[in-house]
Amino acid sequence: MKRYVEQLLEDIEHVQNKSIEAIENWKLNNKANTIDEYFEPRLDDGVILCDLFGLQQFFLPAESYLDDEEVNVLSTAIIQLWRSYNLYPIFTKKLPRRIKYSLLRDYWNQMVYPNPDGRTDIELCDYNTCPFCFNCPACTYQKTNLKPRATA
């Protein structure tokens, strides 16, 4: 797996180096005509993250295949990649690195609305939809405020 991760890091770096060109192309094709469109973009004004990067989700291995060092290196590289496109993932404090990586990987096929001229924050820790919440030591809200679902 080590060689695969090294190659993936090279691919991520290549995509990161093309970020300015990709953002400029996206900016040319997606101009807000009114102030309302700037603050409330239409659904078709966004772009799926993997299409923006040109890197498909299946290239990112599941965290269970990675050791701790690989998870740390990949999650750091992915966060830097997002930031090069003015996308800033927001996590809960003290979130374990494995869960961070999994959240980043799971978000890969979601629609984003980058702001070419500024920062776009993307909150990845959503207590209502997080599949890792009951395994996460940082997620105290879910553990204290929700009861386990009853099975039929």
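Residues numbered from 1 in each chain as written. Predicted model: local features only at pLDDT ≥ 70, side-chain atom pairs only at ≥ 80, totals over all residues. Heavy atoms only, no water.

Here we come to the pattern of salt bridges. Under the criterion given, the structure shown has four salt bridges. In this structure, the salt-bridge partner of glutamate 6 is arginine 3, at a minimum N-O distance of 3.4 Å. Taken together, the positions of glutamate 6 and arginine 3, both in helix H1 (residues 2-17) and three residues apart, correspond to about one turn of that helix. Given the relative accessible area of 34%, glutamate 6 is considered partly exposed. With a shortest N-O distance of 2.7 Å, glutamate 63 and arginine 98 are connected by a salt bridge. (Salt bridge = Lys/Arg side-chain N within 4 Å of Asp/Glu carboxyl O. Helix = DSSP H or I, 4+ residues; strand = E, 2+ residues; numbered from the N terminus. Buried < 20%, exposed > 50% of the residue type's maximum accessible area, 1.4 Å probe, protein only.)

With that settled, the discussion passes to the nonpolar core. One finds Phe53, Trp82, Tyr85 and Trp108 to be the most contacted residues of the largest nonpolar core, which totals 34 residues. Within the residue set of this core, elements represented by two or more residues are H1, helix H2 (19-29), helix H4 (49-53), helix H5 (68-84) and helix H6 (97-106). Here tyrosine 85 is in contact with Val15, Lys18, Ser19, Ala22, Ile23, Leu52, Phe53 and Pro114, once residues within four sequence places are set aside. (Core = buried A, V, L, I, M, F, W, Y, C linked by side-chain atoms within 4.5 Å. Contact = heavy atoms within 4.5 Å.)

It is worth spelling out a nonpolar patch on the surface at this point. Judged by side-chain polarity, Met1, Tyr4, Phe58, Phe59 and Tyr65 come together as a nonpolar surface patch covering roughly 570 Å² of accessible area. Residue position: phenylalanine 59 is located in the loop between H4 and H5. With relative accessibility at 34%, the residue phenylalanine 59 sits in the partly exposed group. (Patch = residues over 30% accessible without salt bridge, like charges linked within 9 Å, V, L, I, M, F, W, Y side chains within 5 Å. Areas by Shrake-Rupley, 256 points an atom, 1.4 Å probe, with all protein chains shown as cover.)

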